[in-house]
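Report on the structure
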2 protein chains.
Amino acid sequence: VQGVKDAKPNHSPRAVAVRFDDETGELVLLDQTALPGEVRYLRLSEPSQVREAIYELKVRGAPAIGVAAAYGVYLGVSRLSARDALSIERVFEEARGLLQSSRPTAVNLTWALDRMARRLSAEKGGSVEQIRAALKQEADAIRAEDEEVCRRIGENGLALLGRNWGILTHCNAGALATAGWGTALAPLYLGTERGYGFKVFADETRPLLQGVRLTAWELHVAGIDVTIICDNMASHVMRQGWVQAVLVGCDRVAANGDTANKIGTSGVAILAKHYGIPFYVHAPVSTIDRACATGRDIPIEERPPEEITEKWYARRMAPEGVKAFNPAFDVTDHELVSAIVTERGVIRPPYDQGIRQLFE
Amino acid sequence: VQGVKDAKPNHSPRAVAVRFDDETGELVLLDQTALPGEVRYLRLSEPSQVREAIYELKVRGAPAIGVAAAYGVYLGVSRLSARDALSIERVFEEARGLLQSSRPTAVNLTWALDRMARRLSAEKGGSVEQIRAALKQEADAIRAEDEEVCRRIGENGLALLGRNWGILTHCNAGALATAGWGTALAPLYLGTERGYGFKVFADETRPLLQGVRLTAWELHVAGIDVTIICDNMASHVMRQGWVQAVLVGCDRVAANGDTANKIGTSGVAILAKHYGIPFYVHAPVSTIDRACATGRDIPIEERPPEEITEKWYARRMAPEGVKAFNPAFDVTDHELVSAIVTERGVIRPPYDQGIRQLFE
């Protein structure tokens, strides 16, 4: 491997992608579009700002989006006063609608907003102050639970890995994608603390480069051995025998175990199967959408072609007038998934049965 | 598909990647690093300039490199005069060594230089003028034959395709990669003339973006329907049923049918097999290297990590100090190849036998 530079990693504490500042009443997001060049925090006080931050991927990753959306609706009602009692539901629903439509694929967004709505219902008849406090508490709980979920996914996932393994990961399902240590990357942080000595390959993940900008950044900062490869190099790296497991996150799991995740995930899963490498999907239970029977029912977000043809570049790379197709996610068939790692345990095939049991 | 813009294609004549200007005695290359933004021609008169142009990918594609290298050694001896008779072999060998080492994976480079060396041997004892003329004639023949080879590969390849098929291609094996209409793209040009109505998906082909910069450009200019996708979107596009065949070029074929081509090709082949899509490799016979028993014997060029972390971008995309691995080619196992299309016909498995017969 060429290009090894001996930069000293920082071993700094985990990046905090999303938190609430109780003193100022603002949602604080690490602006992920500025990474890795700049560590910049956004302070938001309006649901519309949260919507924009989600759409523009300043905050991204299914669990982090869920947490941000929960605080987003809270922001909508946070400055209502007693005389606004009658309008609280309208204000809440307005904020909810705004946030709901920001990204279609990740189900945690809907899950978090539904949970906030249920809390609002439960508080019906309370004072504006009581309702505000209850919604704040609910959003805080969603954030805190996500942190705990990450820890448990880390433990459950680590049990599937061996010492000195080569690990390939796609996109970013780490600290930057959650309120905790991440989903797919959580086992790597935990294992590293326990001396596992992983060697990680991070797919750069076109077109938005979450692998090179985010995964490589957070693992390097944590002192974990990480090597960037282009998405199309995964097959070559696997063929060399350098990968013992593929770990990915997930935006939505259907009832049959089909999973939607960042575009390219299904391709990596097919390669892993070809080379006989286990392919593990890491998903909080909140990511499972039993209303989707199969992956065919999961909506796939399509984003602007300019993200492929122009974004990041010093000059436009595509010829003028040529079409570009930019789906942001794809569906990995459940038959390609070796196991789904959740905070409640590891689900193995047959997934329809395993998922049903999880909710019983 | 979003982002369709109705730009009128030019229907201009085929781009000429490599030609010799007999009036000025210069090798004229279309500078492919400036595409698609700028159509700029380089005029070269020294073997060292040709070496640099090959290494920097100003000319690329196995057949085009072969043609450029043939003219490259000719340039070395082209200005020798009668009194240099004794040094002609030394000058030739110097130029040959320089060019030989410019890129290791494509075998056409070696093949063309060996052919020029055989011609030099055949002319032994001739005058400097005679030798110069013979070498020029040989380089011209290599160029002209490549054009004819492309035409025949086009015919042979087209016979495998159907009307209105969706075609996926990786990297650039078109007019820009050869002295003619290309290898993998030749059937598309020919079929388009005959009203086949192909719909082409061009993998962008990181890190050097030959798909987005070159393939999309030359197909669009020729009026062929082309859509750019990121490399990691091929699986999703295949899953939609939009691809009926994958067509790729080739830098070297081993005796058992294993083929080296642009990094990512092996991954596309694995996806094609998974989805039951035929995967066709297009290769002039000069690309077959019977001295390589299997793909394990083909040297894989590794290029600077900065091509991944910095090249093309307005700002560096990778965190400082993080490793990047940048193999320029990979090997596709012969079991993944549905057929190898050459100018002498289509080879089907078992390839060891088919390749042997080709040379009998």
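The preceding data block contains the structure.
For the structure given in this document, a descriptive report is provided here. (Residues numbered from 1 in each chain as written. Chains lettered and ligands numbered in written order. Predicted model: local features only at pLDDT ≥ 70, side-chain atom pairs only at ≥ 80, totals over all residues. Heavy atoms only, no water.)

1. Section: the interface of chain B and chain A
- With 73 residues of chain B at the interface, the matching set in chain A holds 73 residues.
- Roughly 6,100 Å² of surface becomes buried between chain B and chain A when both sides are summed, with 60% attributable to carbon and sulfur atoms.
- Interface area lost by chain B to chain A is led by Arg239(B), Lys323(B) and Phe325(B), which between them contribute 14%.
- Inspection of the region where chain B meets chain A yields six salt bridges.
- The residue Asp225(B) makes a salt bridge to Lys323(A) at a minimum N-O spacing of 2.5 Å.
- One can count 20 residue pairs in polar contact (both at pLDDT 80 or more) joining chain B with chain A.
- In terms of residue count, helix H9 (residues 265-275) of chain B provides more of the side of chain B that touches chain A than any other element does, six residues in total.
- Here the residues of the side of chain B that touches chain A sort into 39 nonpolar, 16 polar and 18 charged. (Contact = heavy atoms within 4.5 Å. Buried area = accessible area lost by both parts, 1.4 Å probe. Salt bridge = Lys/Arg side-chain N within 4 Å of Asp/Glu carboxyl O. Polar contact = N/O pair within 3.5 Å; in protein donor to acceptor, adjacent residues only side chain to side chain. Helix = DSSP H or I, 4+ residues; strand = E, 2+ residues; numbered from the N terminus. Nonpolar A, V, L, I, M, F, W, Y, C, P; charged D, E, K, R; others polar.)

2. As for the packing of helix H5 (residues 128-158) of chain A against helix H6 (residues 186-193) of chain A
Residue and element names in this part refer to chain A.
- Interaxial distance between H5 and H6 falls to 7 Å at its minimum, and their mutual angle equals 70 degrees. When the axes of H5 and H6 are compared, the pair comes out roughly perpendicular. Residues Cys150, Arg151, Ile153, Gly154, Glu155, Gly157 and Leu158 of H5 form the contact with H6, whose participating residues are Ala186, Pro187, Leu190 and Gly191.
- A breakdown of the residues in the contact of H5 with H6 according to their chemical character gives six nonpolar, three polar and two charged. (Axes fitted to C-alpha atoms, helices over the stretch in contact; angles between N-to-C directions. Parallel < 35°, antiparallel > 145°, perpendicular 65-115°, else oblique.)

3. What to know about the sheet that holds strand E1 (residues 18-21) of chain B
Residues and elements named next belong to chain B.
- Taking strand neighbours across the sheet as the criterion, the three strands line up as E1-E2-E3 in an open arrangement whose pairing is antiparallel. For this open sheet the edge positions go to E1 and strand E3 (41-44), each flanked by a neighbour on one side alone. Sheet twist, expressed as the average angle between the axes of neighbouring strands with direction ignored, equals 25 degrees.
- Relative to strand E2 (residues 26-30), E1 runs antiparallel, the two sharing four bridges. Bridge pairing in E2 places Arg19 opposite Val28.
- Across the sheet, helix H2 (residues 62-78) lies against E1, E2 and E3, angled at about 25 degrees from E1, the strand it touches most. (Pairing = 2+ DSSP bridges.)

4. Quick look at unusual backbone geometry
- Across the junction of Pro349(A) and Pro350(A), the peptide omega takes the value 0 degrees, indicating a cis bond.
- As for its position among the elements, Pro350(A) is in the loop between strand E14 (345-347) and helix H11 (351-358).
- In this model, Thr205(B) sits at a positive phi of 70 degrees, which is unusual for a non-glycine residue.
- Take Thr205(B): it is sitting in the loop between strand E5 (199-203) and helix H7 (210-221).

5. A word on the pattern of salt bridges
All names here are of chain A.
- The final tally for this structure, using the stated rule, is 60 salt bridges over all chains.
- With a shortest N-O distance of 3.0 Å, Arg103 and Glu301 are connected by a salt bridge. Pair noted here: Arg103 is in the loop between helix H3 (88-100) and helix H4 (107-122) and Glu301 is in the loop between strand E10 (279-282) and helix H10 (306-309), with a separation of 198 residues, a long-range link. For the residue pair Arg103 and Glu301, the accessibility class agrees, reading buried in each case.
- Close ionic contact of Asp140 with Lys136 constitutes a salt bridge, the shortest N to O distance being 2.8 Å. With Asp140 and Lys136 both in helix H5 and four residues apart, this pair spans about one turn of that helix.
- One connected set of salt bridges, linked through shared partners, spans Arg115, Arg119, Glu123, Glu138 and Glu145. (Buried < 20%, exposed > 50% of the residue type's maximum accessible area, 1.4 Å probe, protein only.)

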